[in-house]
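This is what each chain is made of:
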Amino acid sequence: MRRSLRSRLLAWTIGGMALLVALFAVGVYAAAHRALVGGFEESLAATARALAASVKQEPKKIEVEFDEREMPEFRRPDRPGYFQLWGPDGAVLKRSASLAPSTGGRTGPAADLPRLEGTSGAAVFHDLALPDGRPGRAVVLLFLPQVEEDDEDGHRKAPPAPQPVTLIVARETAGLDAELAAIRWLMAGAAGATLLLTLVVAALVVRQGLRPLETLAARIAAVREENLDAAIPVEGMPRELAPVGERLNDLLRRLGDVLGRERAFTADAAHELRTPLAGIRSTIEVALARPRKPDEYGRALADCLDIARQMQTLVDNLLVLTRMEGGQVALRPEVVRVGELLEALWRPHAAEAQARGIVLERRLPADLQCTADRDLLVMVVSNLLANAVEYANDGGRIEVLGQAADDTLELSVANTGCTLSAAEVRHVFDRFWRGDSARTGTGVHCGLGLSLVERAVQALGGAVSATVSPYGPVLGGGRFVVRVTLPAALP
Amino acid sequence: MRVLVVEDYLPLQRAVAKGLREAGFAVDATGDGEEGLWYASGNDYDVIVLDLMLPGVDGLTILKRLRSEGRPAHVLILTAKDTVADRVRGLDLGADDYLVKPFALEELLARVRALARRAYRAKNPTLAAGDLRIETTAQRVWRGRTEVRLTPREYALLEYLAMRAGQVVSRTDIWEHLYEFNSEADSNVVDVYIGYLRRKIERPGKPALIHTVRGRGYSLGAES
């Protein structure tokens, strides 16, 4: 199961909120508890002190001058309070009316409150079960009765030293408990409601907050592979998401480039292979149309072989070109002696050039050298030479110039017999130079050689340009020059 | 029937030209746009087989120029471009047919034959004059029930006359439609071939089919 961002956010929000609300509720309840219980005990203690004030030490005995009518709480038949007074010797000096045998419909002996522990001088509180079974709370007061200075007769007598008496006053806690229970319920209800509201609000907030993500997902989903350049729109995206969209756009652009190159390759290959394929097919079909002499078959087969070779070159070049355009070339710089390289690369063309009366003129220093990737340099020079031989007019000339300048190597290959206009020359580096404009060369050779040169020079970190200058019809058309500038030392 | 092939890929040009020649057409071929335009403007071709991407002048420009000059030649475009837009564009510029490379030679020949017939408003591949019957597809000829064996040149002459049956066809017309540009023969050779043809198709006791119109040329027909 995939983890949902939404449920995680919700879980964390609700969990955190629940903890906070619980702490808050417990705090509020504790405060309320303390206040209510404190008030209850205060009033209990006050009643006890009032009762205690009525206990007098008289010379002979301890007198309780207490009129129960003043405190109806201890007399009422319904839910009464209780008190009991014990003398120093443990004898019960006084009971509240509610403890008397006849109270509350009870019969039998008088009830007693349990004699709870107390501390002299301080009120001590205890929970207890009241004689009628209700839960209650009691205060224990341990005190010395007041000494009555004057007796009824007005004579001053020396009273005995007062002995501590114990007074316990108990009262039911049902009201207090009910109040506390009400507060508990209130807090629980408030906490629950708060959590519920939090859930609703958090769900809304999370949904609202995640909406840009959904928008982004929808925009990403709208990207079609046929059109990777139509980027994911990032306008209106929050600052946190916009970089995601931009990164994705970068990625899509790169993918689109790669895909475009692949498509261009397949389209170019398909297109450029059609013509030689038509050539092979027609040649064979014509040859097979009727019985022929052996040498006619031989010519047809030789034609087919030529075409097959051209197609192979075309496919090889296309692959190299595509690889170079994709930047998949690793450079291995080494020192290359340009003169030797030229010598070696001219050799395959020498026979054809001689047969067609083409003169090669070389003007470059004998020690000219550069540091470059040999394979790429070979590709540049061999293609330039092949191109020059192919398009030079019979009896024309090819000039190769080379020189070192500062930290660059300049190389130019020129041939006579160019029939291109200045406007057309601009297209010579285009792959397959096609479209509606006319093209030079036969179907198979067109374009690729110089495209390869351009890509290879770029890979070597250099620049290439082509120009044509009118040379006059006597010399067989214009002079076509390709100039290559390379860094003398590859970084 | 005379055909011009403008195709810059030499092996294909050679094969197509050879195939057309062996099918009885008189074929001129060039690989250069400029030259193709020059050929097409100076001669009365029945069909032009035209590649689109050519050095010098491209095929569509040639087509536009020919149409603006009012040349009636039927144009068959031969190209590696195969999108619908390319085809529509070529046809809209006045091409009559479109064939995408690579193609079957059979199909090219059939399309060229069809265009050649259309050049003479003949839709029926079987031509007839009196009891003379010409199957243009198989290039076979019958007089009555007897098949007449003709050389390719004789057949081409007869087919051309039959296409224009009832009209007076000049020697020059015949020569231009039957002989290639580089041919060394001159228009006198037409008279020689008319002689050969008469010997093969005319039958004693049957009405003559090939008539000489003095000073103007020849005409093929059951009635003079």
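> What should I look at first to understand the overall build of chain B in this one?
A tally of regular secondary structure across chain B gives eight helices and eleven strands. Here chain B holds 224 residues, and the buried ones make up 45% of them.

> Can you walk me through the overall build of chain A in this structure?
Looking only at helices and strands, chain A has eight helices and 15 strands in total. Burial analysis of chain A (491 residues in total) assigns 27% to the buried set. In chain A, of all internal contacts separated by at least 6 residues, the share reaching a separation of at least 24 is 67%.

> What exactly am I supposed to notice about the sheet that holds strand β5 (residues 124-129) of chain A here?
Adjacent strands of a sheet form backbone hydrogen bonds with each other and so pair up, either parallel or antiparallel. Residue and element names in this part refer to chain A. Reading across from one edge, β4-β3-β8-β6-β5 is the order of the five strands in this open sheet, with antiparallel pairing throughout. Edge positions in the sheet fall to β4 (92-95) and β5, since each has one partner strand and no second. Taken pair by pair, the neighbouring strands of this sheet meet at an average axis angle of 20 degrees, ignoring direction. With five bridges joining them, strand β3 (residues 82-86) and strand β8 (residues 165-172) adopt antiparallel strand pairing. By the bridge assignment, Tyr 82 is partnered in β8 with Ala 170. With respect to the sheet, helix α1 (residues 5-53) is in contact with β3, β5, β6 (135-143) and β8, its orientation differing from that of β6 by roughly 45 degrees.

> How should the pairing of strand β10 (residues 210-213) of chain B be read in this particular structure?
Two faces make up the sheet, and in a regular strand the side chains alternate between them. All names here are of chain B. When β10 meets strand β11 (residues 217-220), the two strands line up antiparallel, connected through four bridges. Across the sheet, residue His 211 finds its bridge partner in β11, namely Ser 219. If you look at the hairpin formed by β10 and β11, you'll find three residues sitting between the two strands, and Gly 215 has a positive phi there, around 80 degrees.

> Honestly, the sheet that holds strand β7 (residues 146-147) of chain A in this entry has me stumped. Any pointers?
All names here are of chain A. Overall, mixed pairing links the three strands, which are arranged β2-β1-β7 in an open sheet. A single partner strand is all that each edge strand has here, and the edge strands are β2 (62-64) and β7. Pairing between strand β1 (residues 55-57) and β7: two bridges, direction parallel. Within β7, the position partnered with Lys 56 by the bridge is Gln 146.

> Even after reading the chapter, I still don't get the nonpolar core, so can you show me in this structure?
One broad rule of soluble globular proteins: the nonpolar side chains tend to lie buried together. One finds Val 3 and Val 49 of chain B to be the most contacted residues of the largest nonpolar core, which totals 73 residues. Discounting chain neighbours no more than four positions away, the residues touching Val 3 of chain B are Leu 20, Phe 25, Val 27, Tyr 45, Asp 46, Val 47, Val 49 and Val 112 of chain B. Ranked by size, the runner-up nonpolar core spans 43 residues in total, among them Leu 342, Leu 384, Val 413 and Cys 418 of chain A.

> Please clarify how the environment of Asn 43 of chain B should be interpreted in this entry.
Residue and element names in this part refer to chain B. Its location among the elements puts Asn 43 in the loop between α2 (33-42) and β3 (47-51). In the structure, Asn 43 is positioned 133 residues away from Glu 176 in sequence and 7.6 Å away in space, judged by C-alpha atoms. Setting aside its immediate chain neighbours within four residues, Asn 43 contacts Glu 176 and Phe 181.

> I keep staring at unusual backbone geometry and nothing clicks. Help me out?
Residues other than glycine predominantly adopt negative phi, and peptide bonds predominantly adopt the trans conformation. At the junction of Lys 101 of chain B and Pro 102 of chain B, the peptide bond is cis and its omega measures out at -10 degrees in the coordinates. Along the chain, Pro 102 of chain B falls in the loop between β5 (97-100) and α5 (105-119). A positive phi is found at Arg 79 of chain A, a non-glycine position, where the angle reads about 45 degrees. When you line up the elements, Arg 79 of chain A lands in the loop between β2 and β3.

> Help me understand the pairing of β3 of chain B in this model?
Residues and elements named next belong to chain B. Burial of β3 is extensive: five of the five residues sit out of reach of the surface. Neither face of β3 is exposed, since Val 47, Val 49 and Asp 51 on one face and Ile 48 and Leu 50 on the opposite face are all buried. Pairing of strand β1 (residues 2-6) with β3, which is carried by four bridges, proceeds in the parallel orientation. Its bridge partner lying in β3, Leu 4 is registered against Ile 48.

> I tried to follow α2 of chain B on my own but got confused; where do I start?
An α-helical segment advances 3.6 residues per turn. Residues three or four places apart therefore align on the same side. Residue and element names in this part refer to chain B. Residues of α2 that are buried include every one of Gly 33, Gly 36, Leu 37, Tyr 39 and Ala 40, and no others. Along the axis of α2, the buried positions cluster into a sector of 165 degrees, meaning they face one direction only. Seen from the buried face of α2, the exposed residues on the opposite side, beyond 90 degrees, are Ser 41 and Gly 42. For α2, the elements touching its buried residues are β1, β2 (26-30), β3 and α3 (59-68).

> What is the right way to read the confidence of the model for chain B from this model?
Detailed reading of the predicted model is not advised wherever pLDDT is low. Residues and elements named next belong to chain B. Summing up the model confidence of chain B, the mean pLDDT is 85 and the portion of residues at 70 or higher is 97%. Mean pLDDT across the elements of chain B bottoms out in helix α7 (residues 171-178) (82) and peaks in β1 (93). Both scores are available for the predicted complex, with the pTM at 0.55 and the ipTM at 0.76.

> Help me understand the environment of Asp 127 of chain A, please; the structure alone is not making it clear to me.
Residue and element names in this part refer to chain A. Along the chain, the position of Asp 127 falls in strand β5. Asp 127 sits in the exposed class, given 11 other C-beta atoms within 10 Å. Separated by ten residues in the primary sequence, Asp 127 and Arg 137 have C-alpha atoms spaced 4.4 Å apart.

> What's the story with the confidence of the model for chain A in this structure? I'm lost.
For chain A, the mean per-residue pLDDT works out to 82, and 89% of the residues sit at or above 70. Note on residues 434-446 of chain A: pLDDT is under 50 here. Beyond four places in sequence and across chains, it has 35 contacts.

> Explain the packing of α2 of chain B against α3 of chain B to me, please; I cannot follow it from the model alone.
Any two packed helices are characterised by how steeply their axes cross, that is the angle between the axes, and by the distance between the axes. Residues and elements named next belong to chain B. Close contact between α2 and α3 brings their axes to 10 Å; oriented N to C, the two are set at 20 degrees. Comparing the axis directions of α2 and α3 gives the class roughly parallel. Crossing hand, α2 versus α3: right-handed. Here α2 contributes Gly 33, Gly 36, Leu 37 and Ala 40 to the contact with α3, which in turn contributes Ile 62, Arg 65 and Leu 66.

> Help me out: how do you make sense of α1 of chain A in this one?
All names here are of chain A. Taking 1.5 Å of rise per residue, the 49 residues of α1 would be expected to cover 72 Å, and the 71 Å separating its terminal C-alpha atoms lies within 8% of that figure. Of the residues making up α1, those classed as buried are Ala 25, Leu 44, Ala 48, Leu 51 and Ala 52. Those residues of α1 that are buried lie in contact with β1, β3, β6, β8 and α2 (174-221).

> What am I meant to see in the environment of Arg 164 of chain B here?
All names here are of chain B. Take Arg 164: it is sitting in the loop between α6 (152-163) and α7. Taking the number of C-beta atoms within 10 Å as the measure of exposure, Arg 164 has 19 and is therefore partly exposed. Put simply, Arg 164 and Tyr 120 are 44 residues apart on the chain and 6.8 Å apart in space, counted from C-alpha to C-alpha. Setting aside chain neighbours within four positions, we find Arg 164 in contact with Tyr 120 and Val 169.

> Before we go on, may I ask you to explain the packing of helix α5 (residues 338-355) of chain A against helix α6 (residues 374-391) of chain A in this structure?
Residues and elements named next belong to chain A. Viewed as axis vectors pointing N to C, α5 and α6 meet at an angle of 25 degrees, and their least axial separation amounts to 10 Å. Our classification of the angle between α5 and α6 gives roughly parallel. Judged by the twist between their axes, the crossing of α5 over α6 is right-handed. Of α6, the residues touching α5 (which contributes Leu 341, Leu 342, Leu 345, Trp 346, His 349, Glu 352 and Ala 353) are Leu 377, Val 378, Val 381, Ser 382, Leu 385, Ala 386 and Val 389. By residue class, the composition of the contact of α5 with α6 is eleven nonpolar, two polar and one charged.

Procedures and definitions
Residue indices follow the written sequence of each chain, beginning from 1 at its first position. Naming scheme: in the order in which they are written, chains are lettered from A and ligands are numbered from 1. Per-residue local features of the predicted model are confined to residues with pLDDT of at least 70, and side-chain atom pairs are confined, for both listing and counting, to 80 or more; whole-chain, interface and lining totals are unaffected and use all residues. Elements are defined by DSSP. Helices are runs of H or I of four residues or more, strands are runs of E of two residues or more, and each kind is numbered from the N terminus. Once C-beta atoms are placed from the backbone, each residue is buried if 20 or more other C-beta atoms lie within 10 Å of its own, exposed if 12 or fewer, and partly exposed for counts between those two. We call two residues in contact whenever the C-beta atoms placed from their backbones are within 7 Å. Should DSSP find at least two bridges between two strands, the strands are regarded as paired. Between N-to-C directions, angles cover 0 to 180 degrees, with each direction set by a line fitted to C-alpha atoms, over the stretch in contact for helices. We define a nonpolar core as a collection of buried residues of the types Ala, Val, Leu, Ile, Met, Phe, Trp, Tyr and Cys that are connected via C-beta atoms lying within 7 Å of each other. Read the arc as the range of directions from the helix axis to the C-beta atoms. Per-residue confidence from the predictor is reported as pLDDT, which spans 0 to 100. Under this scheme an angle from 65 to 115 degrees is roughly perpendicular, one under 35 degrees roughly parallel, and one over 145 degrees roughly antiparallel; angles in between are oblique. Two helices that cross are described as forming a left-handed crossing if the nearer one is turned anticlockwise from the farther one by less than a right angle, and a right-handed crossing if clockwise. Here a helix's expected span is defined as the number of its residues, less one, multiplied by 1.5 Å. By the convention adopted, Pro, Cys, Tyr, Trp, Phe, Met, Ile, Leu, Val and Ala count as nonpolar, Lys, Arg, Asp and Glu as charged, and the other residues, Gly among them, as polar.

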